[in-house]
Amino acid sequence: MTFRSGFCCFVGRPNAGKSTLTNALVGSKIVITSDKPQTTRHAVRGILTREDAQLVLVDTPGLHRPRTLLGQRLNDVVRSTLAEVDVIGFCVPADQRIGPGDRFIAAELAELKAPVIGIITKTDTTSKSKVAEQLLALSKLGDFVDIVPVSAVDGSQVNLLADLVVGKLPEGPMLYPDDVITDNDDETRLAELIREASLEGVRDELPHSIAVTIDEITRRDSGLLEVFATIHLERDSQKGIVIGPQGSRLQRIGIDARAGIQALLGEKVHLALHVAVERDWQRDPKKLDRLGF
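Nothing here was measured: the structure is a model prediction, and the numbers come from that model. (Residues numbered from 1 in each chain as written. Predicted model: local features only at pLDDT ≥ 70, side-chain atom pairs only at ≥ 80, totals over all residues. Heavy atoms only, no water.)

Chemist: Would you mind showing me how to read the overall build of the protein chain here?
Modeler: A count of helical and extended segments in the protein chain gives ten helices and nine strands. Residue burial in the protein chain is summarised as follows: out of 293 residues, 49% are buried. Looking at the protein chain as shown, the accessible area adds up to about 13900 Å², and 49% of this sits on carbon and sulfur atoms. (Helix = DSSP H or I, 4+ residues; strand = E, 2+ residues; numbered from the N terminus. Buried < 20%, exposed > 50% of the residue type's maximum accessible area, 1.4 Å probe, protein only. Areas by Shrake-Rupley, 256 points an atom, 1.4 Å probe, with all protein chains shown as cover.)

Right, here's the structure in full:
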C-alpha cells in the first residue's frame, strides 16, 4: 500500500468554520471554536493518522484586511503557512454570500503552487438548493482541483474531504507518532481553553482585546494540579465586563475553562484567574511579543 503524508492548510475569511472542520477531521477538539471572528490566532496543527496516510491539518487565523498590528501578524501567519503546505482547503460558508473577502483570498491563492480544494462549510445551516447555488458561485471564484460541501457538525462528507486531501499528498513516511493528534504544547492549549470560555457572551470589540497567558503550573503536596493564568485586556473599562457583578462572570469563565482543562489533562485542577490591562496591546510590538504573537 502506498503511504502518503503531508500538510493541508484551511484558509478562509474569519468565522468560515475552519476550526470546527479541523476538529471534526481529527476526531478530537484541538482548536477552540467561537462565533467571534479571529478566534484562531496561531497556526494549530491537528494530526489525522490512517492506515494509508498521515495528514497534518494546519488551522490558521482568518485572512482579512488588518486594522491593527495583531491583524497584520495574523495574516503573516496565514501567508507563511500557505507557502509551505502540500494542499490548501479554501473554506466558504454555505449560509453566507460570497463577498469581497472571499475574492480577496481567492486572488491570493491563485498565486500559489499548491492544489486548492474548494470547501463549502456549514451545509447543515441552510437548504440543499442554497448549497447548490454556493457550489456554483465558488466554482467561478478560482481553479479548484475539487469542490466539496461538508458539515463538520453532522459529519456530512467529512470523510470524503479527508480522502480528497489525502489523494493530493505526496508519498512519504509518517511524520508524527500514530497516537499524537496535535503538536501544540499543553500550556498553549490551556491558555486557549481559558480564552474560549472568556469569549462566551461578549460583544463588539472585546473579543479582539482578550489574550491569555499561563503564569505558572504547580502541584500541591496533595497532588492537585494548580494553574495560574492571566486574562489580558486593553482598557480599564473592559475589566468590569469580564469580571462581572460581584465577580460572577469571571467565576463562570473559571468554571467553564476548568471543565475543559480537566477533560484535556484527565485530572482535577485548581484554576486561578487574574485579570490585567495591557493598554492597546494589539498595536504595540513589544506587548505582542510578550503575549506570544
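From this point, the discussion proceeds with the structure in view.
Chemist: Just to check I follow, could you spell out unusual backbone geometry for this structure?
Modeler: A positive phi angle, near 60 degrees, is found at Lys-122, a position not held by glycine. By secondary structure assignment, the location of Lys-122 is in the loop between strand 5 (116–121) and helix 4 (128–139).

Chemist: Honestly, the packing of helix 8 (residues 236–243) against helix 9 (residues 248–265) in this entry has me stumped. Any pointers?
Modeler: Close contact between helix 8 and helix 9 brings their axes to 5 Å; oriented N to C, the two are set at 65 degrees. Residues Ile-241, Val-242 and Ile-243 of helix 8 form the contact with helix 9, whose own contacting residues are Ser-248, Arg-249, Leu-250 and Ile-253. Class assignment of the residues belonging to the contact of helix 8 with helix 9 gives a composition of five nonpolar, one polar and one charged. (Axes fitted to C-alpha atoms, helices over the stretch in contact; angles between N-to-C directions. Contact = heavy atoms within 4.5 Å. Nonpolar A, V, L, I, M, F, W, Y, C, P; charged D, E, K, R; others polar.)

Chemist: Just to check I follow, could you spell out the environment of Val-277 for this structure?
Modeler: Relative to the assigned elements, Val-277 resides in strand 9 (residues 269–277). A relative accessible area of 24% means that Val-277 is categorised as partly exposed. Between the alpha carbons of Val-277 and Ile-231 there is a distance of 8.4 Å; along the sequence they are 46 residues apart. Discounting residues that sit within four places of it in the chain, Val-277 has contacts with Leu-233, Glu-234, Arg-235, Asp-236 and Lys-239.

Chemist: It is not clear to me how the sheet that holds strand 7 (residues 211–219) should be interpreted in this structure. Could you clarify?
Modeler: The strands that make up a sheet are held in pairs by hydrogen bonds between backbone atoms, and each pair lies either parallel or antiparallel. Pairing within the open sheet is mixed, and its three strands lie in the order 7-8-9. Of all the strands in the sheet, the pair left with one neighbour each is strand 7 and strand 9. Across the sheet, the mean angle separating the axes of adjacent strands is 20 degrees when strand polarity is ignored. Two strands pair when backbone bridges link them, and strand 7 and strand 8 (residues 225–233) are joined in this way by eight bridges, in the antiparallel orientation. Paired with Ile-214 across the strands is Ala-229, a residue of strand 8. Of the strands in this sheet, strand 7, strand 8 and strand 9 are in contact with helix 6 (residues 186–199), which crosses strand 7 at around 125 degrees. Packing against the sheet, helix 8 makes contact with strand 8 and strand 9, and its axis sits at approximately 155 degrees to strand 9. (Pairing = 2+ DSSP bridges.)

Chemist: Teacher, can you tell me more about the environment of Arg-50 here?
Modeler: Along the polypeptide, Arg-50 turns up in the loop between strand 2 (44–49) and strand 3 (53–59). A residue is classified by how much of its surface remains accessible, and Arg-50, at 24% relative accessible area, is partly exposed. Linking Arg-50 and Asp-178, residues 128 residues apart in sequence, is a C-alpha distance of 8.5 Å. Among all residues touching Arg-50, those that are not within four sequence positions of it are Phe-3, Ala-162, Asp-163 and Val-166.

Chemist: Would you mind going over helix 1 (residues 18–26) with me for this structure?
Modeler: Structurally, the α-helix is built with 3.6 residues per turn, so residues lying three or four positions apart point the same way. Among the nine residues that make up helix 1, seven are buried, leaving the element largely enclosed by the rest of the structure. Gly-27 sits one or two residues past helix 1 and shows a positive phi near 85 degrees.

Chemist: Is there a simple way to explain the confidence of the model for the protein chain in this structure?
Modeler: Any segment with low pLDDT has predicted coordinates that should not be analysed in fine detail. With 87% of its residues at a pLDDT of at least 70, the protein chain reaches an overall mean of 86. Taken element by element, the predicted model of the protein chain shows its lowest mean pLDDT in helix 7 (residues 206–209) (69) and its highest in strand 6 (residues 146–149) (97). (pLDDT = per-residue confidence, 0-100.)

Chemist: Explain the nonpolar core here, please?
Modeler: Generally speaking, a soluble globular protein has its nonpolar side chains buried in company with each other. Phe-10, Leu-21, Leu-25, Leu-55, Ile-117, Ile-119 and Leu-161 are the most contacted members of the largest nonpolar core, which has 24 residues in total. Counting residues per element, the ones that place at least two in this core are strand 1 (4–11), helix 1, strand 3, strand 4 (87–93), strand 5 and helix 5 (158–167). If one sorts the elements of this core by residue count, helix 5 sits on top with six residues. Here Leu-21 is in contact with Phe-10, Cys-91, Ile-119, Thr-121, Val-150, Ala-152, Val-158 and Leu-161, once residues within four sequence places are set aside. The next biggest cluster of nonpolar side chains, apart from the first, holds 23 residues, and it includes Ala-191, Leu-233, Ala-257 and Val-269. (Core = buried A, V, L, I, M, F, W, Y, C linked by side-chain atoms within 4.5 Å.)

Chemist: Can you help me understand the pattern of salt bridges in this one?
Modeler: Charged atoms that come close allow side chains of opposite charge to pair. The final tally for this structure, using the stated rule, is nine salt bridges. Linking Arg-279 and Asp-236 is a salt bridge whose minimum nitrogen-to-oxygen distance equals 2.6 Å. One end of the pair, Arg-279, is in the loop between strand 9 and helix 10 (285–290); the other, Asp-236, is in helix 8, with 43 residues separating them in the sequence. Looking at Asp-236, the relative accessible area reads 45%, which means it is partly exposed. Notably, a salt bridge pairs Arg-252 with Asp-256, separated by 3.1 Å at the nearest N-O pair. Note that Arg-252 and Asp-256 are positioned in helix 9 at a spacing of four residues, about one turn of the helix. Taking relative accessible area as the criterion, Asp-256 reaches 36% and is therefore assigned partly exposed. (Salt bridge = Lys/Arg side-chain N within 4 Å of Asp/Glu carboxyl O.)

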